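# Structural overview for review
One letter stands for each residue in the lines below.
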Amino acid sequence: ERLAQFPAAGRGSPGPPGARLGVGLEKGRGREVWRPGVWGCEARASEVNWSCPFDPVCALPQAKFELITSEASYIHSLSVAVGHFLGSAELSECLGAQDKQWLFSKLPEVKSTSERFLQDLEQRLEADVLRFSVCDVVLDHCPAFRRVYLPYVTNQAYQERTYQRLL
């Protein structure tokens, strides 16, 4: 029984990210589990089961699956922050230009960089679902991640002070 899927990431693709991969939340043996439809291994969404024996056949596919689903979830969160909060006329009226800059600095750039990364991961997966690799995709995107995340992380101290002052 399908309970939920990732919400759309806002990239204009049909359906939620990962939907083409058979990714979704299902009810299984009294708990909710993430099932990557293409690999047949299960990765829990809410817990890590340390008592299960390590299965090298499933470990790498699970890690790749986790990378893709985590990125899709992250993009959804960024879409909410950019679309709902940064794009809010009401919030813009309440915040000064500097406060808005400190609170939302680089979020649109971070979002678009993550969307390109996820798109490349999905394309790689679709090209060879059984033997796709992610290492070169991650390495290719490192310069873009550094370009957007360095200012974003540097800004976090100002962001935290602004949150505290506004509360």
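Residues numbered from 1 in each chain as written. Predicted model: local features only at pLDDT ≥ 70, side-chain atom pairs only at ≥ 80, totals over all residues. Heavy atoms only, no water.

### A few points about the side chain of Thr162
For Thr162, the position within the fold is in helix 6 (residues 156-166). Within the structure, Thr162 has its side chain in polar contact with the backbone oxygen of Tyr158 (distance 2.8 Å). When neighbours within four sequence positions are excluded, Thr162 is seen to be in contact with Asp99, Trp102 and Leu103. (Helix = DSSP H or I, 4+ residues; strand = E, 2+ residues; numbered from the N terminus. Polar contact = N/O pair within 3.5 Å; in protein donor to acceptor, adjacent residues only side chain to side chain. Contact = heavy atoms within 4.5 Å.)

### Overview of the pattern of salt bridges
Counted by the stated rule, this structure contains four salt bridges. In this structure, Arg124 and Asp136 form a salt bridge, with 2.8 Å as the shortest nitrogen-oxygen distance. In this pair, Arg124 sits in helix 4 (residues 107-127) while Asp136 sits in helix 5 (residues 135-154), placing the two residues twelve residues apart along the sequence. Look at Asp136 and you get partly exposed, because its relative accessible area is 32%. A salt bridge links Arg131 to Asp128, with the shortest nitrogen-to-oxygen separation between them at 3.5 Å. (Salt bridge = Lys/Arg side-chain N within 4 Å of Asp/Glu carboxyl O. Buried < 20%, exposed > 50% of the residue type's maximum accessible area, 1.4 Å probe, protein only.)

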